[in-house]
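A look at the structure
Listed below are the residues making up each chain.
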Amino acid sequence: HQDWCALTLLEREDRLETYLRQDRVRGFDLAQAPLLRLALFELETHVHQMIWSFHHLQLDGWSTALVLKEVFTCYEALHSGEVPESGAPRPFREYVGWLKTQDIHQAEAFWRKELAGFTTPTTLRVSGGAKPNAPEGSYKQLESRLSEQLTTRLQQLAQQHRLTVNTIVLGAWAILLSRYSGERDVVFGATVSGRPADLPGVEAMIGMFINTLPLRVQVEPDAELLPWLQAIQSRQLALSSYSYSPLPEILAWSDVPSGQALFDTLVVFENYPVDGSVFQYETPSLRVDDVRYLEQSNYPLGVLAVPGRQLRLSIPFDSSIFDDRVIGRLLGHLETVLASIAADLHQPLGAVRMLGDAEQQQILSLSGNT
């Protein structure tokens, strides 16, 4: 807890960025509890900046929203002079017990068939490298928001054709990854909630439930977009039956040589069945705004999609591997692919646009065309 009231706005911003940078580098010692830190900086009377850092082993995004909701409920009670009341959600150990009852041999048979013949991880091939002095594991994040019009269009198309926006984002990334890598058979990570519907009370449990599973997609230029997206959604449903599968075991069951990763990129679609207002909380006694969320993983690059009036796209990346300009261009290409999908679901995959008008015109000019 520090008092920053006497500092100028620029001094506060500088101290905040310094703290955040040092906090990320500090990380966590898994042998030392608790795996979380809280910092509270007083900016003005009754105005504070709070930083909550925690290891993903403890909480997933769904659980984060549940914890915040409980914190705010307790705060309101205390502010009113009342004793906070909390429910009694089922403990995380019940989920651990559920995991122990799952058939790992059935999962092995599924994944061996699913990944048969895939031997080389799909790697982004980009021009331009990272900054020479960027330390290894130094993560940054770029983000953008789709327009309300485009977001609404994607939502309408998903509803009309019984798709999810998540499926459309996965398809867009598969197309982009195929073009960047030059491969038609691509694999990337896709996160699943990991909360089994047959476990009573699982929606209110707090802990680390999400799992990352490999999603294998064939990107054939002549395939029609709509049935191809529907096939991706069907594949996702099939994978969900084995969402309990440990990723190291899946890697061991694949044909990828030992010592190599199964994939280098992953897609996260945050869609929690929790009231989203918890992140823009406001009552007469407490208001929470300007919420920022930065996730750091062991993967070189991720794609984070957050639904809302404007679909938010974020790309966290290892800056020792990728340059900011490369990621900025990649983010622009992802937006263009999504816009092209929204324009025509019946076009072949090969016709889906990746380049914006200005970039396409620049390439045509360099090739001598007009």
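Preceding this section is the structure that the text describes.
First, a word on scope: everything that follows refers to the structure included in this document. (Residues numbered from 1 in each chain as written. Predicted model: local features only at pLDDT ≥ 70, side-chain atom pairs only at ≥ 80, totals over all residues. Heavy atoms only, no water.)

Details of a nonpolar patch on the surface
There is a patch of nonpolar side chains on the surface, built from L36, L38, L40 and M50 and spanning about 350 Å² of accessible area. The element that contributes the greatest number of residues to the nonpolar patch is strand β2 (residues 36–44), accounting for three residues. Within the secondary structure, L38 is located in strand β2. For L38, a relative accessible area of 58% puts it in the exposed group. (Patch = residues over 30% accessible without salt bridge, like charges linked within 9 Å, V, L, I, M, F, W, Y side chains within 5 Å. Areas by Shrake-Rupley, 256 points an atom, 1.4 Å probe, with all protein chains shown as cover. Salt bridge = Lys/Arg side-chain N within 4 Å of Asp/Glu carboxyl O. Helix = DSSP H or I, 4+ residues; strand = E, 2+ residues; numbered from the N terminus. Buried < 20%, exposed > 50% of the residue type's maximum accessible area, 1.4 Å probe, protein only.)

Side note on the sheet that holds strand β9 (residues 312–318)
Spatially, β4-β9-β8-β7-β5-β6 is the arrangement adopted by the six strands of the open sheet, whose pairing is mixed. The open sheet is flanked by β4 (139–145) and β6 (211–218), the only strands paired with a single partner. Within this sheet the neighbouring strands show an average axis-to-axis angle of 25°, counted without direction. The pairing of β4 with β9 spans seven bridges and is classified as antiparallel. Across the sheet, Y139 pairs through a bridge with D318, a residue of β9. (Pairing = 2+ DSSP bridges. Axes fitted to C-alpha atoms, helices over the stretch in contact; angles between N-to-C directions.)

Details of a negative patch on the surface
A contiguous patch of negative charge on the surface is contributed by E11, E13, D14 and E17. Its place among the elements puts D14 in helix α1 (residues 9–26). A relative accessible area of 52% places D14 in the exposed class. (Lys, Arg positive; Asp, Glu negative; His and termini not counted. Charge placed at Lys NZ, Arg CZ, Asp CG, Glu CD.)

Brief notes about the side chain of R312
In this fold, R312 is placed in strand β9. Exposure remark for R312: the relative accessible area of 17% places this residue in the buried category. Side chain to side chain, R312 and E143 meet in a polar contact 3.4 Å long. Beyond its immediate chain neighbours, meaning those up to four positions away, R312 contacts E143, S144, R145, L304, A305 and V306. (Polar contact = N/O pair within 3.5 Å; in protein donor to acceptor, adjacent residues only side chain to side chain. Contact = heavy atoms within 4.5 Å.)

Some thoughts on the pairing of strand β3 (residues 47–54)
Sheet topology places β2 next to β3; eight bridges connect them, and they run antiparallel. In the sheet register, A39 faces β3, and the bridge partner there is I51. The antiparallel pairing of β2 with β3 creates a hairpin that spans two residues between the two strands, and H46 there sits at a positive phi of about 70°.

Thoughts on the packing of helix α6 (residues 165–181) against helix α9 (residues 324–343)
Axis separation between α6 and α9 bottoms out at 9 Å; the angle between their running directions is 125°. With respect to each other, α6 and α9 are oriented oblique. Seen from above, α6 lies across α9 with right-handed handedness. For the pair α6 and α9, contact is made by I168, V169, A172, W173, L176 and Y180 and by R329, L330, H333, L334, V337, L338 and I341, respectively. The class makeup of the residues in the contact of α6 with α9 is 11 nonpolar, one polar and one charged. (Parallel < 35°, antiparallel > 145°, perpendicular 65-115°, else oblique. Left-handed = near helix turned anticlockwise from the far one by under 90°. Nonpolar A, V, L, I, M, F, W, Y, C, P; charged D, E, K, R; others polar.)

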